[in-house]
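# Architecture at a glance
The primary structure of each chain is shown beneath.
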Amino acid sequence: MKRPLEPSAEARGRIVGITDGVFAIALTLIVLEIRVPSHETVHSESELLAAVLALAPRFLTYALSFLTLTIFWFGQQAQHSLIAKSDRRLATLNLCFLAFIALLPFSTDLLADFLEFRVAALVYWLNLLMLGVTLFASWWYADRNGMLAEDIDAQTRRTVYQRIVKAQILWAIGAALCLITPLLSIAFILLVQLIYAAALRGSLLRKIIG
């Protein structure tokens with residue numbers, strides 16, 4: 001009889017399934033915060049244009065969070081492709097990661113409503129920090145407990161650690177820019193997201209062409 005904490009490929013499969021579901025819900029929720037202007041308040045072309053322009057902060061934070069979710073989804077998928085099995089503890093770490101994914105629509109909405117406040121930018125950064133911490137912890141646990149695929153070498157292990165740490169350092173720099181102005185902080189984090197998204201796109205193209 002299989003013990004509850006005994007690692008298995010079936011447990012890994014369940015983690016993959018719930019991960020895709022939570023990401024899909026989070027991606028849906030962040031766009032729902034961009035609401036169409038009320039018809040009662042718009043009576044002309046100029047008023048509609050003004051109402052749409054007023055939504056600019058929400059479009060900005062939507063783009064920011066869409067990129068965040070995309071980057072972390074690819075990161076999580078990359079880890080899943082390297083992990084051969086899972087147990088209850090690893091599943092718990094993954095659920096903690098998903099809890100902060102599910103929290104991202106809230107921190108996005110807060111940032112959109114209070115774009116000029118440092119607290120809103122710091123809350124968003126803390127969300128990113130906890131995503132990185134839980135992703136790192138999941139990989140560390142799987143690595144230390146022999147749950148990785150047999151063909152994973154030491155360089156690949158180090159690369160996964162380094163990618164997580166580098167991203168968190170860059171986002172921490174972005175958070176520190178709040179001391180100057182929250183908008184600069186958000187712009188820097190968005191730039192980092194765009195660079196990571198471009199790198200992911202490049203790696204996918206190389207896989208397709210190669």
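Residues numbered from 1 in each chain as written. Predicted model: local features only at pLDDT ≥ 70, side-chain atom pairs only at ≥ 80, totals over all residues. Heavy atoms only, no water.

### Observations regarding the overall build of the protein chain
As a reminder, the rule being used: Strands here mean DSSP runs of E at least two residues long; helices mean DSSP runs of H or I at least four residues long; both are numbered from the N terminus. We call a residue buried when its accessible area falls under 20% of the maximum for its residue type, exposed when it is over 50%, and partly exposed in between, using a 1.4 Å probe and counting protein chains only. For this analysis, residues touch if any pair of their heavy atoms sits within 4.5 Å.
Check the secondary structure of the protein chain and you find 7 helices and 0 strands. Going from N to C terminus, the protein chain has its helices and strands arranged as α-α-α-α-α-α-α. In the protein chain, which comprises 210 residues, the share counted as buried stands at 37%. Considering only intrachain contacts with a sequence separation of at least 6, the fraction spanning at least 24 residues in the protein chain is 79%.

### A short note on the nonpolar core
Going by this rule: In these notes, a set of buried Ala, Val, Leu, Ile, Met, Phe, Trp, Tyr and Cys residues joined through side-chain atoms within 4.5 Å is what counts as a nonpolar core.
Within the largest apolar cluster, 42 residues are counted, with the highest numbers of intra-cluster contacts made by Phe72, Phe97, Ile101, Leu111 and Trp171. Only helix H1 (9-32), helix H3 (56-82), helix H4 (88-113), helix H5 (118-144), helix H6 (154-176) and helix H7 (182-209) provide two or more residues apiece to this core. The element best represented in this core is H5, accounting for 10 residues. Ignoring anything within four residues of it in the chain, the contact list for Phe72 reads Phe23, Phe97, Ile101, Leu128, Leu131, Gly132, Leu135, Gln168 and Trp171.

### Focus: the confidence of the model for the protein chain
Inclusion rule: For every residue, the pLDDT score states the predictor's confidence, bounded by 0 at the bottom and 100 at the top.
Taken over all residues, the pLDDT of the protein chain has a mean of 84, while the share at 70 or more is 89%. When mean pLDDT is taken per element in the protein chain, H5 scores highest with 93 and H7 scores lowest with 72. The model gives residues 204-210 a pLDDT under 50, and that stretch makes 1 contact with residues more than four places away or in other chains.

### Remarks on the side chain of Gln168
Threshold: Contacts described as polar in this section are N or O atom pairs within 3.5 Å, which, within protein, must combine one atom able to donate a hydrogen with one able to accept it, while residues neighboring in sequence count only if both atoms come from side chains.
Along the chain, Gln168 turns up in helix H6. Residue classification places Gln168 among the buried positions, given a relative accessible area of 12%. Within the structure, Gln168 has its side chain in polar contact with the backbone oxygen of Leu128 (distance 3.1 Å). Here Gln168 is in contact with Phe72, Leu128, Leu129 and Gly132, once residues within four sequence places are set aside.

### Describing the pattern of salt bridges
The condition that has to hold: Between Lys or Arg on one side and Asp or Glu on the other, a salt bridge is scored when a side-chain nitrogen of the former is within 4 Å of a carboxyl oxygen of the latter.
All told, the structure shown has 4 salt bridges when counted by the stated rule. When the shortest N-O distance is used, the salt bridge between Arg58 and Asp109 registers 2.7 Å. Residue Arg58 is located in helix H3, and its partner Asp109 is located in helix H4; the two are separated by 51 residues in the primary sequence. The salt bridge involving Asp143 is made with Arg144; its shortest N-O contact spans 3.1 Å. Look at the salt bridges and you will find they share partners, linking Arg58, Asp109 and Asp113 into a network.

### Observations regarding the side chain of Ser65
Locating Ser65 in the fold gives a position in helix H3. Non-local contacts of Ser65, meaning those with residues more than four positions away in its chain, are made with Ile30, Leu104, Thr108 and Tyr124.

### Some thoughts on the packing of aromatic side chains
As a reminder of what qualifies: Under the pairing criterion, centres of Phe, Tyr and Trp rings, with the six-membered ring standing for Trp, must be within 6.5 Å; the plane angle then separates stacked pairs below 30 degrees from edge-to-face pairs above 60, leaving the rest tilted.
By the definition in use, this model includes 9 aromatic pairs. Ring plane angle 70 degrees and centroid distance 5.7 Å describe the contact between Phe114 and Phe117, whose orientation is recorded as edge-to-face. Through a chain of ring-to-ring contacts, three or more aromatic side chains come together here, namely Phe23, Phe72, Phe97, Trp171 and Tyr196.

### Some remarks on H6
How we decide: To estimate the expected span of a helix, subtract one from its residue number and multiply by 1.5 Å.
Spanning 23 residues, H6 covers 33 Å between terminal C-alpha atoms, matching the ideal 33 Å at 1.5 Å per step. Of all the residues in H6, the buried ones are Val160, Tyr161, Ile164, Ala167, Gln168, Trp171, Gly174 and Ala175.

### Brief notes about a nonpolar patch on the surface
We count it as follows: For patches, a residue must show more than 30% relative accessible area and have no salt bridge; joins then use 9 Å for like charges and 5 Å for nonpolar side chains, namely Val, Leu, Ile, Met, Phe, Trp and Tyr. With residues, only the protein chains shown are counted as cover, and all accessible areas are computed by Shrake-Rupley using a 1.4 Å probe.
On the surface, Ile25, Leu29, Val31 and Leu32 cluster together into a nonpolar patch covering about 340 Å² of accessible area. With respect to the secondary-structure elements, Ile25 resides in helix H1. By relative accessible area, Ile25 is classed as exposed at 53%.

### Quick notes on the environment of Leu194
Residue position: Leu194 is located in helix H7. A relative accessible area of 46% means that Leu194 is categorised as partly exposed. Between the C-alpha atoms of Leu194 and Leu64, which are 130 residues apart in sequence, the distance is 8.8 Å.

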